[in-house]
Amino acid sequence: MEEKVKEISTEEKQEFTINVGPQHPSTHGVMRLVVSLKGEVVQKVEPHIGYIHRGIEKMCESLTYPQIIHLTDRMDYLAAHINNEAVCLAVEKALEIDIPDRVKVIRTIMSELTRIQSHELFWASYGMDLGGQTCYFYGLRDREMVLDIFEETTGGRMLVSYNYPGGVMYDLHPNFQKRVKEFLKHFRKVLPEYDSILTGNVIFHQRTMGIGPLSLEDAIGYGVTGPSGRASGYSCDVRKHEPYSAYDRVKFNEVIYNEGDAYHRYLARMEEMRESMNIIDQLIDNIPEGPYAVKMKPVIKLPEGEYFQRVETPRGELGVFIISDGNKTPYRIKFRTPNFGNLSVFSHLVKGFKIADLISIFGSLDFVIPDIDR
Amino acid sequence: MDKVQIGEFIRSLDSDLDIKEGKQFTEVIIPPSKLHSLASLLKEKEETSFDFLVCITGVDYGNELGVIYHLRSTKYGHTVVLKSRTADREKPVFDSVTDIWKGADLHEREAFDLLGIKFANHPDLRRLFLNSSWGFPLRKDYIDEDIITW
C-alpha cells in the first residue's frame, strides 16, 4: 500500500505536455497552445500561431489603397470598421486632405457602434468560456441589433467596408438615427441585466478575481494596449491621447483600473460600452449636413515617404505604417495589430495558475486570432 | 519633448548619427553596431524614457535589408523612429532588443519569419507563421512557385 502511494506522488511530479487547440472552442479561432503542466499547474505555455496567416502585408504590396481597405476587414473582423478607418486616415494624412465634418461624425458613431458590438461578443463568449451559456444567447441577441444597423447603411454586417479614402462609401440610411436611438434605449435597459447575470456572480468572481494579474510595468514592457492595458493602469486610449475623427469634440472618460486581473479586464470592457453609448448620445442628434465624401482622383497615389497612423480598436492600438515610393501601391505596409502585442504577455500571465484559469485568462485578453496571424 | 528637441538630445548622446526631422517623427538612421546601445540608452535616460515598443518593421529595400523601430514614451507621449540597414542579404543580423523591451520577442520572430532577418541574442528565434521550408515572402525577390497566373 505504501509503495503505491509513492508511485502516484512521483507521477504527479512529472511534467507533461498537452495541446489546447488548434480547434479548441475556447481559443476562438485557430491557435494552438502547447501547455506544460505539473499536476494541474501551468509551468509554461507556448502559443503556436500562423494557422490563418494569409500574408495580408504581402498581398497589400500589389493592391491599390482602396483595395487594401477590404483586406483590413479580415484582420480583426469584430472591428472591421475601425481597421478600415485606420487605413483611410493614413491615406488622408499622406495626401493632406481635409475631410468634411459629416464624415468625421459618421465615422465616430460607426466606430463606437463597432466597439459596443465587439465588447458585447466579448461578454457573450467570456461568459460561455466560464460556463454561463445564457450569456452567449443574450449577447448575440443584442449584438444583432447593431449588425442590422450596419446592414441597412453599409450593406455588410460584419465586414462593412464602409470607409473610403476621403469619406465613406454611401450616405447614411434615412432610418439610421432612429434605429441607433432605439438600440441605445434597448441596450441601456439590458446592460444592468448583463451585470446581474455575470458581473455580480459569485462563481464568476472566483474564476476571475486575482487571476492572471498584470502589473503596469509588464503591460508597458510587453506592449499590451486597449482595455487589457488600461485595466493595469496604463493610460493608452488613442482616442484621448491622439484624437482622430470627431473624438476631440466629445466628452468621455478613459476607463482605468489599477488591479490588472482578469476581472478588471472584464470590467474595463463593460464600462467602455457605457462610455461608447455616451459618445454616440452626444453625436447622434448633431450629424452635420454636407457631403459624405470628398472627390478623389480615380487613381490614388501617395507621395514618397513614410506615414504612421494609429487608432483605438476594441482590443487596443492598431498602427498602420505605410512606406510609399510614389506608386499607387504601397512599397511596404505594416499593421501593428493590438492582439499581436497582447499575445506576447500571455505566457507570462498564465505561469503558476491552474489549467482552468488558462481559459479564464485567455478569454479576458479577448483575442481575435486572424488579427494575430494577418 | 518635440521633434527637434529629441533630435538634439540624441545628437548629444552620439554626434555621428544621421538624424532627420521627418513629417511626423524624429528619424534616426543608425548602423547595426550601435543599435542596441542607443536603444537601451533611449529607454533608460530620464529625459526620453522610451519604454514602449510600438512595432518592429522589417523592410526589403532591394539591395539592402532594414529594420524600423517605432518607440514611444508612456510618460511624455513622444515618439522616435530608429532605422537600421544592412547590405548583407545572405546573413542579415541585428542585435535583439528583447532584453530592453520584453514585447520585442514576437515582433523579431515575425521579421525573421517573413524577411529572414536574424536577431543576435534572441532567446528563441524560430519561424512564427510559416514552416521552416518556406522562403521569405516579404523579400522583393521572393518567387512563389505555386502561384496561379492567368
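Residues numbered from 1 in each chain as written. Chains lettered and ligands numbered in written order. Predicted model: local features only at pLDDT ≥ 70, side-chain atom pairs only at ≥ 80, totals over all residues.

1. Quick look at the overall build of chain A
So, point 1. The helix and strand inventory of chain A stands at 16 helices and eight strands.
So, point 2. Taken over the C-alpha trace, chain A has a radius of gyration of 22 Å; the compact-globule value for 374 residues is 21 Å, and the two agree within 12%.
So, point 3. Its C-alpha atoms give chain A principal-axis dimensions of about 85 × 50 × 35 Å.
So, point 4. Counting the 374 residues in chain A, one finds 49% classified as buried.
So, point 5. Considering only contacts in chain A between residues 6 or more positions apart, those separated by 24 or more positions represent 70%. (Helix = DSSP H or I, 4+ residues; strand = E, 2+ residues; numbered from the N terminus. Rg over C-alpha atoms; globule rule 2.2 N^0.38 Å. Buried ≥ 20, exposed ≤ 12 C-beta atoms within 10 Å, placed from the backbone. Contact = placed C-beta atoms within 7 Å.)

2. Here's the deal with the overall build of chain B
So, point 1. Broken down by element type, chain B carries three helices and seven strands.
So, point 2. When the helices and strands of chain B are placed in sequence order, the string is α-β-β-α-β-β-β-β-α-β.
So, point 3. Taking 150 residues into account, the globule formula puts the C-alpha radius of gyration at 15 Å, and chain B, at 16 Å, falls close to it.
So, point 4. C-alpha extents for chain B along the principal axes are approximately 55 × 30 × 25 Å.

3. Observations concerning helix H2 (residues 32-44) of chain B
So, point 1. Every buried residue belonging to H2 of chain B is among Leu 35, Ala 39 and Leu 42 of chain B, and all of these are buried.
So, point 2. Of the surrounding elements, those touching the buried residues of H2 of chain B are strand E4 (65-72), strand E5 (79-86) and strand E6 (93-95) of chain B.

4. Overview of the packing of helix H5 (residues 101-129) of chain A against helix H6 (residues 133-154) of chain A
All names here are of chain A.
So, point 1. At their nearest, the axes of H5 and H6 sit 7 Å apart, and the two run at 165° to each other. What the angle tells us is that H5 and H6 run roughly antiparallel. Like other packed secondary-structure pairs, H5 and H6 cross with a definite hand, here left-handed. Touching Leu 113, Ile 116, Gln 117, Glu 120, Leu 121, Trp 123, Ala 124, Ser 125, Gly 127 and Met 128 of H5 are Gln 133, Cys 135, Tyr 136, Gly 139, Leu 140, Asp 142, Arg 143, Val 146, Leu 147 and Ile 149, all from H6.
So, point 2. Its residues assigned to classes, the contact of H5 with H6 comprises twelve nonpolar, five polar and three charged. (Axes fitted to C-alpha atoms, helices over the stretch in contact; angles between N-to-C directions. Parallel < 35°, antiparallel > 145°, perpendicular 65-115°, else oblique. Left-handed = near helix turned anticlockwise from the far one by under 90°. Nonpolar A, V, L, I, M, F, W, Y, C, P; charged D, E, K, R; others polar.)

5. Let's talk about the sheet that holds strand E3 (residues 41-48) of chain A
Residues and elements named next belong to chain A.
So, point 1. Read across the sheet, three strands follow the order E1-E2-E3 without closing on themselves; strand pairing throughout is antiparallel. The outermost strands of the open sheet, each flanked by one partner alone, are strand E1 (15-20) and E3. Taken over all neighbouring pairs, the strand axes of this sheet differ in orientation by 20° on average, direction set aside.
So, point 2. Of the pairings in the sheet, the one linking E1 to strand E2 (residues 32-38) comprises six bridges and is antiparallel in character. (Pairing = 2+ DSSP bridges.)

6. Here's the deal with the environment of Leu 65 of chain B
Residue and element names in this part refer to chain B.
So, point 1. Relative to the helices and strands, Leu 65 is located in strand E4.
So, point 2. On the neighbour-count criterion, Leu 65 (23 C-beta atoms within 10 Å) is buried.
So, point 3. A C-alpha to C-alpha distance of 27 Å links Leu 65 and His 78, two positions 13 residues apart in sequence.
So, point 4. In contact with Leu 65, other than residues within four places in its own chain, are Asp 60, Arg 85, Thr 86, Arg 89, Pro 92, Leu 115 and Ile 117.

7. With respect to the pairing of strand E6 (residues 305-313) of chain A
All names here are of chain A.
So, point 1. E6 sits mainly inside the fold: eight of its nine residues count as buried.
So, point 2. In terms of strand pairing, E6 meets strand E7 (residues 316-324) through nine bridges, oriented antiparallel. Its bridge partner being in E7, Gly 305 is matched across the sheet by Ser 324.
So, point 3. The loop that links E6 with its antiparallel partner E7 comprises two residues.

8. What about the confidence of the model for chain B?
So, point 1. Taken as a whole, chain B shows an average pLDDT of 85; of its residues, 99% reach a score of 70 or greater.
So, point 2. Scoring the predicted complex yields pTM 0.87 and, for the interface, ipTM 0.88. (pLDDT = per-residue confidence, 0-100.)

9. Concerning unusual backbone geometry
All names here are of chain B.
So, point 1. Of note in this structure, Ser 49 is not a glycine but carries a positive phi near 30°.
So, point 2. Along the polypeptide, Ser 49 turns up in the loop between H2 and strand E3 (52-60).
So, point 3. We classify Ser 49 as partly exposed; it has 16 C-beta atoms within 10 Å.
So, point 4. Positive phi outside glycine occurs at Asn 121, with the angle close to 70°.
So, point 5. Along the chain, Asn 121 falls in the segment after strand E7 (118-120).

10. Observations regarding the pairing of E2 of chain A
All names here are of chain A.
So, point 1. Across seven bridges, E2 lies against E3 in antiparallel orientation. Opposite Ser 36, over in E3, you have Lys 44 as the bridge partner.
So, point 2. Where E2 hands over to E3, the hairpin turn is made up of two residues, of which Gly 39 adopts a positive phi near 65°.

11. Topic: the interface of chain B and chain A
So, point 1. Facing the 23 residues of chain B at the interface are 26 residues of chain A.
So, point 2. Contributions of two or more residues to the side of chain B that touches chain A are made by E3 and helix H3 (104-115) of chain B.
So, point 3. The greatest single-element share of the side of chain B that touches chain A, amounting to six residues, is contributed by E3 of chain B.
So, point 4. For the side of chain B that touches chain A, the per-class residue count stands at twelve nonpolar, seven polar and four charged.

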